[in-house]
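The chain contents come next:
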2 protein chains.
Amino acid sequence: MGQVTALECVRCGRSYREDEVLYTCPSCGPSGILDVVYDYEALEANGFGPERLAANPDRTHWRYLDLLPIAPGAALPPVPVGGTPLFQLPDLAERLGVVEMWIKDEGRNPTGSFKDRASSVAAVKARQLGFQTVCCASTGNAASSLAGFSAQLGLTAFIFVPEFAPEEKIAQLLIFGATVFVVKGSYLDAYELCSEAATTLGWYNRSAAINPYAIEGKKTGGLELGEQMAGRMPDWVSVSVGDGCTIAGIWKGLKELRRFGVIDRLPRMLGTQAKGAAPLVQAWRSGEEQWASVEANTVADSISVGQPRNGLKALRAVRESGGVLVEVSDDQILAAEADLAAHGVFGEPAGVTGLAGIQQARWSGLVGPDERVVHVMTGSGLKDAASARRAADREPTVIEPSLGAVQAALEAAR
Amino acid sequence: MGQVTALECVRCGRSYREDEVLYTCPSCGPSGILDVVYDYEALEANGFGPERLAANPDRTHWRYLDLLPIAPGAALPPVPVGGTPLFQLPDLAERLGVVEMWIKDEGRNPTGSFKDRASSVAAVKARQLGFQTVCCASTGNAASSLAGFSAQLGLTAFIFVPEFAPEEKIAQLLIFGATVFVVKGSYLDAYELCSEAATTLGWYNRSAAINPYAIEGKKTGGLELGEQMAGRMPDWVSVSVGDGCTIAGIWKGLKELRRFGVIDRLPRMLGTQAKGAAPLVQAWRSGEEQWASVEANTVADSISVGQPRNGLKALRAVRESGGVLVEVSDDQILAAEADLAAHGVFGEPAGVTGLAGIQQARWSGLVGPDERVVHVMTGSGLKDAASARRAADREPTVIEPSLGAVQAALEAAR
């Protein structure tokens, strides 16, 4: 189990013990995101390393318990998380003009998104910290996954979603038994209200933006990808960026794998934001570690974040990796959704935003023709049927049950 | 690769070579469903058996290529199918009053349903048979999975769906690039029209009802379940029943595993139909191998089949196994959907119908308190958000972004 030695503020560098602080740095306030620090030497001394990993038959993300902030003996949720497939799509590689294109399909997680990695860890942590009630502000996926894991662990869940959350995600929340508040306003409004409610009412706040443990769950995406690609590490790992927590988590996982010698080199991180919610791209271009909040507006609801909280971790991950941040339009996102589906994988808009980013980076020469790329497809397309209908270039034809009607329709379509 | 020796009619027993017949028995007509017969001895002589399976690192359902009707060297679709998780839900076992309750979550397949096993095999077979165009009548899942695998293999897909197909499934079909005909009428109307179009226009018909190879794909669900439970085989394997193809396929897979000594005993099969589409339950009760068609009407769209074509295979599978067929109401189905979600797994109505059946069989004493049960949960709940909203016993609360509004809502909910 995880050997956490400290929680370290990414802004001021101060260190705290786990029992000293719940969310962010007391000195820096909400912008003082904490990073969980482990005693890697102690882990190594205890035998953690490539051999132990290779010998572990567990294919879920709990195989990385040694690198998670979970105390020994914690009750884990019974529904398997992680162990998602990573596979090549040669035709898509050809279309994008790269030598290899891999998809890591995170839509195969229990509630259909990458967020299951974070929520499962946060839910276990909530119980460990003595909370019986959890809450979360989310554009949808973090919330539905928190609701799913709360159901498994017997926690009560209160969820704050903005008005634009897709119907499928609301349905998930309700059937998992969460209490759902649809907040009249933006994601930022929902986020602020959730924080206030958590503080006032004594709930545990899983909002990835400030929760230091959620990102540790996301880290398992990087650990898993790295293990799956060990010995053939790609040149680029691509991921859509909203709050910044996902790209930072994956990067941290990859670095840990290199630290322990499971992989011998690191990829470059390619982060893609939607043009309608791209404050981190602005910061990236300016070279600053600061960004102005924007009024978020994009079809990719899961990354429709106007005020990213984990921006610092995200910017540093991209810079450390020698990577890049790009932005793409909603039209590009919907086109990427159709493109990926034409190769048999159905992702939600935020799940394919990074794919549009790869295409753009390829056009502009940031990604070269001989490079090998993995895209982390973060959510199932079934989570947002309405956007899929926008992305598809066709409509169903309603016909009478007769062969003549079929033939007439085929004729008309010529 | 599969050593197919014959296609054998389940009704008259006549045998055909693979190149003699495409769908059903020429003597018996549409009711003469064919069963694919393999040369198990030759497979064994070639070294197929428990050791070879155990040594196979492939976790997708293509690990069973030896038992599939696919010629050597066939191009396989790149998106992984199968390898779905099987896990225990102890709290659900307690609620249902059985000693162990396992879920095999087929919603983790690439297009979100068990049908991916059948469609992937049928799509490969279509290419092998020289077809460039495939078609399918389906209440939704078979169609969306066929569309997904057609996209991967470069096949053109024409899909016939009845009017009641959920929005999410239509969205999947369209984004995968299929041409979709919404047939004004029942599933039966869509089915008949698809058959007529296939014959007239020279398309390959994947409709599970008559396609002898689709069920071979479904067989891998049984092969996988059996391998996962080897040495601890459950007393019952539960599955929802519409056309009958799924329960028959799973049973065939289990029998093959026993034939090759991978498992040493077989479970009993518990098949559950929705009351609004339960002709096979009527046949089961009467002890006949015949059934009258009914006007199907149930919330469980994927098993809303009024005229089952694979009824004979299904009835025989249940009888051979010492199992039982039961029926449950739509209210029981929706209650089961909420029940399973309360334990963290979100299934579509047809995916949980068998769970309602387990509860009923437990109440009536058909399933005993000391028995161990596996339920094959055949489809993701994200495929039908509208039904989930019906199943959930709660609604979201729309609030202003203020703590006062949260507190007022909590107060009102007491």
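With that settled, consider the overall build of chain A. Within chain A, the regular secondary structure consists of 15 helices and 14 strands. Here chain A holds 414 residues, and the buried ones make up 59% of them. If you take every contact in chain A between residues at least 6 apart in sequence, the share linking residues at least 24 apart comes to 73%.

The subject of this paragraph is the relation of the copies chain A and chain B. Applying a rotation about an axis and a shift along it to one chain copy brings it onto the other copy. Least-squares fitting of chain A to chain B yields an RMSD of 0.0 Å, with the superposition described by an axial translation of 0.0 Å and a rotation of 180°. Accordingly, the operation relating the two chain copies is best matched by a two-fold axis. Distance from the rotation axis, computed per C-alpha, reaches its smallest value in chain A at Arg 108 of chain A: 2.5 Å. Comparing interface residues between copies, 100% of those in chain A also lie at the interface in chain B; the contact surface is shared.

Our next topic: the interface of chain A and chain B. With 63 residues of chain A at the contact, the number on the chain B side is 63 residues. Residue composition of the side of chain A that touches chain B, grouped by class: 38 nonpolar, 14 polar and 11 charged. Bridge count between strand 8 (residues 179–183) of chain A and strand 14 (residues 397–399) of chain B: 3 bridges; the pairing is parallel. Counted as the bridge partner of Val 182 of chain A is Val 398 of chain B from strand 14 of chain B.

What follows covers the confidence of the model for chain A. Segments scoring low in pLDDT should not have their predicted coordinates read at a detailed level. For chain A, mean pLDDT is 95; residues scoring 70 or higher make up 100% of the total. Overall fold confidence for the complex sits at a pTM of 0.96, while the interface term, ipTM, reaches 0.95.

Time to look at the pairing of strand 13 (residues 372–377) of chain A. Two faces make up the sheet, and in a regular strand the side chains alternate between them. All names here are of chain A. With respect to burial, strand 13 is a largely interior element, 5 of its 6 residues being buried. Two elements, strand 5 (residues 100–105) and strand 13, share 6 bridges in a ladder whose sense is parallel. Paired with Lys 104 across the strands is Val 376, a residue of strand 13. Judged from the 3 bridges that link them, strand 10 (residues 236–240) and strand 13 form a sheet pairing that is parallel. The residue of strand 13 that forms the bridge with Val 237 is Val 374.

What follows covers the sheet that holds strand 10 of chain A. Residues and elements named next belong to chain A. Read from one edge to the other, the open sheet built from 6 strands follows the order 4-5-13-10-11-12, with strand pairing classed as mixed. At either margin of the open sheet sits one strand with a lone partner, and together these are strand 4 (86–88) and strand 12 (324–328). Pairs of neighbouring strands in the sheet enclose a mean axial angle of 25°, with direction left out of account. In this fold helix 8 (residues 214–228) packs onto strand 4, strand 5, strand 10 and strand 13, with an angle of close to 145° to the strand it touches most, strand 13. Against the sheet, helix 11 (residues 311–320) touches strand 11 (268–274) and strand 12, its axis set at about 135° to strand 11.

The next subject is the sheet that holds strand 2 (residues 15–16) of chain B. Residues and elements named next belong to chain B. What the 3 strands build is an open sheet, ordered 2-1-3; its pairing is antiparallel. The outermost strands of the open sheet, each flanked by one partner alone, are strand 2 and strand 3 (34–38). As paired elements, strand 1 (residues 4–9) and strand 2 share 2 bridges and run antiparallel to each other. In the strand pairing of strand 2, Leu 7 is matched with Tyr 16.

The subject of this paragraph is the environment of Leu 366 of chain A. Residue and element names in this part refer to chain A. Note that Leu 366 resides in the loop between helix 13 (349–363) and strand 13. In the structure, Leu 366 is positioned 96 residues away from Leu 270 in sequence and 9.6 Å away in space, judged by C-alpha atoms. Setting aside its immediate chain neighbours within four residues, Leu 366 contacts Val 324 and Ala 361.

Residue and element names in this part refer to chain A. Orientation of helix 4 (residues 115–128) relative to helix 8, taken along the N-to-C sense of each, is 135°, at an axis distance of 7 Å. Accordingly, the angle class assigned to the pair helix 4 and helix 8 is oblique. Here helix 4 and helix 8 pass one another in a crossing that is right-handed. Facing Arg 117, Ala 118, Ser 120, Val 121 and Ala 122 of helix 4, the residues of helix 8 in contact are Ala 214, Ile 215, Glu 216, Gly 217, Lys 218, Thr 220 and Gly 221. Taken together, the residues that form the contact of helix 4 with helix 8 break down as 5 nonpolar, 4 polar and 3 charged.

Let us now look at helix 10 (residues 279–286) of chain A. Of all the positions in helix 10 of chain A, only Pro 279, Leu 280, Val 281, Ala 283 and Trp 284 of chain A are classed as buried. Directly beyond the C-terminal end of helix 10 of chain A, a positive phi value near 75° is found at Gly 287 of chain A.

Quick look at the pairing of strand 5 (residues 100–105) of chain B now. All names here are of chain B. Here strand 5 lies mainly inside the structure; 5 of its 6 residues are buried. With 3 bridges joining them, strand 4 (residues 86–88) and strand 5 adopt antiparallel strand pairing. Bridge pairing links Phe 87 to Ile 103 in strand 5.

Below, the discussion takes up helix 8 (residues 214–228) of chain B. In this model, helix 8 of chain B (15 residues) spans 22 Å end to end at C-alpha, consistent with the 21 Å of a helix rising 1.5 Å per residue. Burial analysis of helix 8 of chain B places 13 of its 15 residues in the buried class, which makes it a mostly covered element.

Residues and elements named next belong to chain B. Tracing the sequence through the fold places Ala 314 in helix 11 (residues 311–320). On the neighbour-count criterion, Ala 314 (29 C-beta atoms within 10 Å) is buried. Separated by 211 residues in sequence, Ala 314 and Ile 103 have C-alpha atoms that sit 21 Å apart. For Ala 314, the contacting residues outside a window of four places in its chain are Val 241, Gly 244, Ile 247, Ala 248, Gly 271 and Leu 280.

The rules behind these values
Residues numbered from 1 in each chain as written. Chains lettered and ligands numbered in written order. Predicted model: local features only at pLDDT ≥ 70, side-chain atom pairs only at ≥ 80, totals over all residues. Helix = DSSP H or I, 4+ residues; strand = E, 2+ residues; numbered from the N terminus. Buried ≥ 20, exposed ≤ 12 C-beta atoms within 10 Å, placed from the backbone. Contact = placed C-beta atoms within 7 Å. Least-squares fit on C-alpha atoms with pLDDT ≥ 70 in both. Nonpolar A, V, L, I, M, F, W, Y, C, P; charged D, E, K, R; others polar. Pairing = 2+ DSSP bridges. pLDDT = per-residue confidence, 0-100. Axes fitted to C-alpha atoms, helices over the stretch in contact; angles between N-to-C directions. Parallel < 35°, antiparallel > 145°, perpendicular 65-115°, else oblique. Left-handed = near helix turned anticlockwise from the far one by under 90°. Expected span 1.5 Å × (residues − 1).

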